[in-house]
Amino acid sequence: DGGITQSPKYLFRKEGQNVTLSCEQNLNHDAMYWYRQDPGQGLRLIYYSQIVNDFQKGDIAEGYSVSREKKESFPLTVTSAQKNPTAFYLCASSPNLSGGVSNEQFFGPGTRLTVL
Amino acid sequence: AQKITQTQPGMFVQEKEAVTLDCTYDTSDQSYGLFWYKQPSSGEMIFLIYQGSYDEQNATEGRYSLNFQKARKSANLVISASQLGDSAMYFCAMRGRKGRRALTFGSGTRLQVQP
């Protein structure tokens, strides 16, 4: 089945440690996104990538880093510089970005990160 | 810049009744798209319905319809014949044609359907 997978589902990290969240899609989508969601709140954009080997900062990129070496993969690293990383992280993808506004984003199941 | 406002943090509805979830938006783009997503307690984001800014008719998808009032910059979601399984968070989002292509989300409305 086509879709987006995120792993792990739950992740625990000690303060001061970097951690990498995986996101893989087999939908052949060009664009991929990372969002952060805090309890009872909406989604905020961390990073996005419109094409392989290119990515852009979103609204809350500080303390995070990404790479896009393959079309199907967009891992997110939460670094020790991120002051409050405990949150729910959602990865998404969408098809061609030739200018259309109608392309919905497909979401993965999310990773819940807790800093101990 | 784009902004989505959802002013109802929580809503209650009786099973089988209709409910309207409010969404207003702000954008300088002439062409844009509006989306509604449902997020159950499991956390997954489920796409419900889409409305384009140039669409003349309101979008409908089964029990979901979008009440689009362009002049008022509102895109309210109407759920007819509510079911217990509709209890979830609902997010309004938009994408503009220019600049960043990611969705901008509102803060969400938590809907609880009561038997």
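In this report, we go over the structure that sits alongside the text. Computed from a predicted model, the values in this text were never measured in an experiment.

1. Quick notes on the pattern of salt bridges
All names here are of chain A.
Item 1. Tallied over the full model, the rule gives 5 salt bridges over all chains.
Item 2. Between Lys71 and Asp30 there is a salt bridge whose closest N-O contact spans 3.5 Å. Pair noted here: Lys71 is in the loop between strand E7 (64-66) and strand E8 (76-78) and Asp30 is in the loop between strand E3 (19-25) and strand E4 (31-37), with a separation of 41 residues, a long-range link.
Item 3. Accessibility expressed as a relative area gives 24% for Asp30, which makes it partly exposed.
Item 4. Among the salt bridges present, the one from Arg44 reaches Asp38, with a minimum N-O distance of 2.7 Å.
Item 5. Look at Arg44 and you get partly exposed, because its relative accessible area is 35%.
Item 6. With relative accessibility at 13%, the residue Asp38 sits in the buried group.
Item 7. The structure contains a network of salt bridges with shared partners spanning Arg36, Asp38 and Arg44.

2. Some points on the nonpolar core
Item 1. Grouped together as the largest cluster of nonpolar side chains are 24 residues, with contacts concentrated most on Tyr25, Leu34, Trp36, Ile49, Leu77 and Tyr90 of chain B.
Item 2. Broken down by secondary-structure element, the contributors of at least two residues to this core are strand E3 (19-21), strand E5 (32-39), strand E6 (46-52), strand E8 (64-69), strand E9 (74-79), strand E10 (88-96) and strand E12 (109-114) of chain B.
Item 3. It is E10 of chain B that contributes the most residues to this core, 4 residues altogether.
Item 4. With near-sequence residues (within four places) excluded, Tyr90 of chain B lies in contact with Gln6, Leu21, Trp36, Tyr37, Lys38, Leu48, Leu77, Ile79, Gly108, Thr109 and Leu111 of chain B.
Item 5. Counting 20 residues, the second largest nonpolar core, distinct from the first, contains Trp34, Ala61, Tyr89 and Cys91 of chain A.

Conventions adopted
Residues numbered from 1 in each chain as written. Chains lettered and ligands numbered in written order. Predicted model: local features only at pLDDT ≥ 70, side-chain atom pairs only at ≥ 80, totals over all residues. Heavy atoms only, no water. Salt bridge = Lys/Arg side-chain N within 4 Å of Asp/Glu carboxyl O. Helix = DSSP H or I, 4+ residues; strand = E, 2+ residues; numbered from the N terminus. Buried < 20%, exposed > 50% of the residue type's maximum accessible area, 1.4 Å probe, protein only. Core = buried A, V, L, I, M, F, W, Y, C linked by side-chain atoms within 4.5 Å. Contact = heavy atoms within 4.5 Å.

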